[in-house]
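So you can see what is in the structure, the chains are spelled out below.
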Amino acid sequence: MYLSPTPKDMGKEELLEHWRETGMITDERVLDAFEAVPREAFVPEDLLHDTYSDMPLPIGGGQTISQPSTVMLMLQWLEVEPHHTVLEIGAGSGYNAALLSHLAKEVITVEYNPELAERARRKLRDLGIDNVTIIVGDGGEGHPDRAPYDRIIATCACPTIPAPWMEQLSEEGVILAPEGSEFSQTMVRVLEGRREELGGFRFVPLRGEYGF
Ligand code: SAH
């Protein structure tokens, strides 16, 4: 969880304004993607009033759709280009994948929970998004069939970046993942073999072979 000073009851336009004014998000493509994707389509009906509150929301199965500021920071750090193929670990609601669909050529997203995967698939289809493929499986293993990836982004916490992700990354590729314990993590970006740490966060844990 990214702890921001953003008031909780903002609308979409106010969030955009907040990010522009504070200089927190400056990447226009990322801001445009946020503008284009209806977050309300991915939020449970009883929480619609909090769609544009800057906090994570439960999406079922003990999982969450990340806080808007966290999603935006991660997308900005990922530096996705229009010709990229992106691998996401943890499709969840499908919201982040929908944003990525605007930034990348193609998005492969792996989701552990089959019910969440099915629901996300339906939502993306209803929105007419056709460059995202949702795979049910253990994202710790990556998805070797479509490797190498220009960008790999994990939206769940891992104890350490799984070896398969490194193996499936293109030469100039970037990995962004929250690394740490089950309860608190540091955002790590790997590029050109270098590791950068980008601050403290809290994500739901990666399950499976490489998880908790
Ligand atoms: N990106 C999502 C938020 C995901 S929350 C969104 O925009 O809504 C993290 C997700 O990671 C959860 O849906 C959880 O089921 C999934 N997850 C946990 N372990 C996983 C694994 N080993 N492989 C794939 N997905 C995993």
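Residue numbers restart at each chain and count upward from 1, following the sequence in its written direction. Whole-chain, interface and lining totals are the exception, using all residues; otherwise, since this is a predicted model, local features are given only for residues with pLDDT of at least 70 and side-chain atom pairs are given and counted only at 80 or more. As a rule here, side-chain values come from all non-hydrogen atoms in the structure, and water together with hydrogens is ignored.

This next bit is on the site of the ligand. We call a residue near a molecule or strand whenever a single non-hydrogen atom of that residue lies within 4 Å of it. For the ligand, the set of nearby residues contains 23 residues, the closest of which are Ser-93, Glu-111, Asp-138, Gly-139 and Arg-207. Within the side chain of Glu-88, an N or O atom sits 3.2 Å from a nitrogen atom of the ligand. Here a polar contact is recorded for every N or O atom pair within 3.5 Å, except that within protein the pair must consist of a potential hydrogen donor and a potential acceptor, and residues adjacent in sequence are included only if both atoms are side-chain atoms. Here a nitrogen atom of the ligand sits 3.2 Å away from a polar atom, N or O, in the side chain of Thr-155. Only the protein chains shown count as cover for residues, and the accessible areas themselves come from Shrake-Rupley with a 1.4 Å probe. Computed on the free molecule, the ligand has an accessible area of 580 Å², of which 98% lies beneath the protein chains in the complex. Of all the elements in the fold, those that place two or more residues in the shell around the ligand are strand 2 (63-65), helix 4 (95-103) and strand 4 (106-111). Strands here mean DSSP runs of E at least two residues long; helices mean DSSP runs of H or I at least four residues long; both are numbered from the N terminus.

As a further point, take helix 1 (residues 12-22). Relative accessibility thresholds used throughout: buried, under 20% of the residue-type maximum; exposed, over 50%; partly exposed, between the two (1.4 Å probe, protein chains only). Along helix 1, the residues that are buried comprise Lys-12, Leu-15, Leu-16, His-18 and Trp-19. Down the axis of helix 1, the buried side of the element spans an arc of 160°, and every buried residue falls inside it. Note on contacts: a residue pair qualifies if any of its non-hydrogen atoms lie within 4.5 Å across the two residues. Packed against the buried residues of helix 1 are helix 2 (28-36) and helix 3 (68-78). Comment: arc refers to directions from the helix axis out to C-beta atoms.

With respect to the element layout, Glu-111 can be found in strand 4. Here the positive residues are Lys and Arg and the negative ones are Asp and Glu; neither His nor the chain ends is included. Salt bridges are defined by distance alone: a side-chain nitrogen of Lys or Arg within 4 Å of a carboxyl oxygen of Asp or Glu. Buried charge Glu-111 goes without a salt bridge, the closest partner of opposite sign being Arg-207 at 9.6 Å. Not counting the four nearest positions on each side in its chain, Glu-111 is found in contact with Gly-90, Ala-91, Gly-92, Leu-116, Ala-117, Ile-135, Val-136 and Gly-137.

This part covers the pairing of strand 8 (residues 185-191). On a regular strand, each side chain points to the face opposite its neighbour's, so the side chains alternate between the two faces of the sheet. For strand 8, a buried count of six out of seven residues is recorded, marking the element as mostly surrounded by other parts of the structure. Each pair of strands is called paired provided DSSP finds at least two bridges between the two strands. With antiparallel pairing between neighbouring strands as the criterion, strand 7 (residues 169-180) and strand 8 make up a hairpin whose turn holds four residues. Inspection of the sheet shows strand 8 paired to strand 9 (residues 194-201) by six bridges, in the antiparallel sense. Bridge pairing links Thr-186 to Gly-200 in strand 9. Following strand 8, the chain reverses through two residues before pairing antiparallel with strand 9; Glu-192 in that reversal takes a positive phi of roughly 45°.

In this analysis, rings of Phe, Tyr and Trp, with Trp reduced to its six-membered ring, are considered paired at centre separations within 6.5 Å, and the interplanar angle assigns stacked below 30 degrees, edge-to-face beyond 60, and tilted for intermediate values. Applying the stated rule across the entire model yields five aromatic pairs. Note on Trp-19 and Phe-34: the rings are 4.8 Å apart at their centroids and 80° apart in plane angle, and the pair reads as edge-to-face. Here the residue Trp-19 occupies a position in helix 1, and Phe-34 occupies one in helix 2, the gap between them amounting to 15 residues. Members of the aromatic cluster, joined through ring pairs, are Trp-19, Phe-34 and Tyr-52. The ring of Phe-34 has Lys-12 sitting right over it, with the charged end atom 5.9 Å from the ring centre. Only lysine NZ and arginine CZ atoms are considered, and such an atom sits over a ring when it is within 6 Å of the ring centre and within 35 degrees of the ring normal. Over the aromatic face of Tyr-95 sits the side chain of Arg-39, whose NZ or CZ is 5.1 Å from the ring centroid.

Before going further, it helps to examine a negative patch on the surface. A patch consists of residues whose relative accessible area exceeds 30% and which take part in no salt bridge; residues with like charges are grouped when within 9 Å of each other, and nonpolar side chains (Val, Leu, Ile, Met, Phe, Trp, Tyr) when within 5 Å. The atom standing in for a charge is NZ when the residue is Lys, CZ when it is Arg, CG when it is Asp and CD when it is Glu. Taken together, Glu-13, Glu-14, Glu-17, Glu-21, Asp-32 and Glu-35 make up a surface patch of like negative charges. Broken down by secondary-structure element, the contributors of at least two residues to the negative patch are helix 1 and helix 2. The biggest single contributor to the negative patch is helix 1, with four residues. By the secondary structure assignment, Glu-13 is in helix 1.

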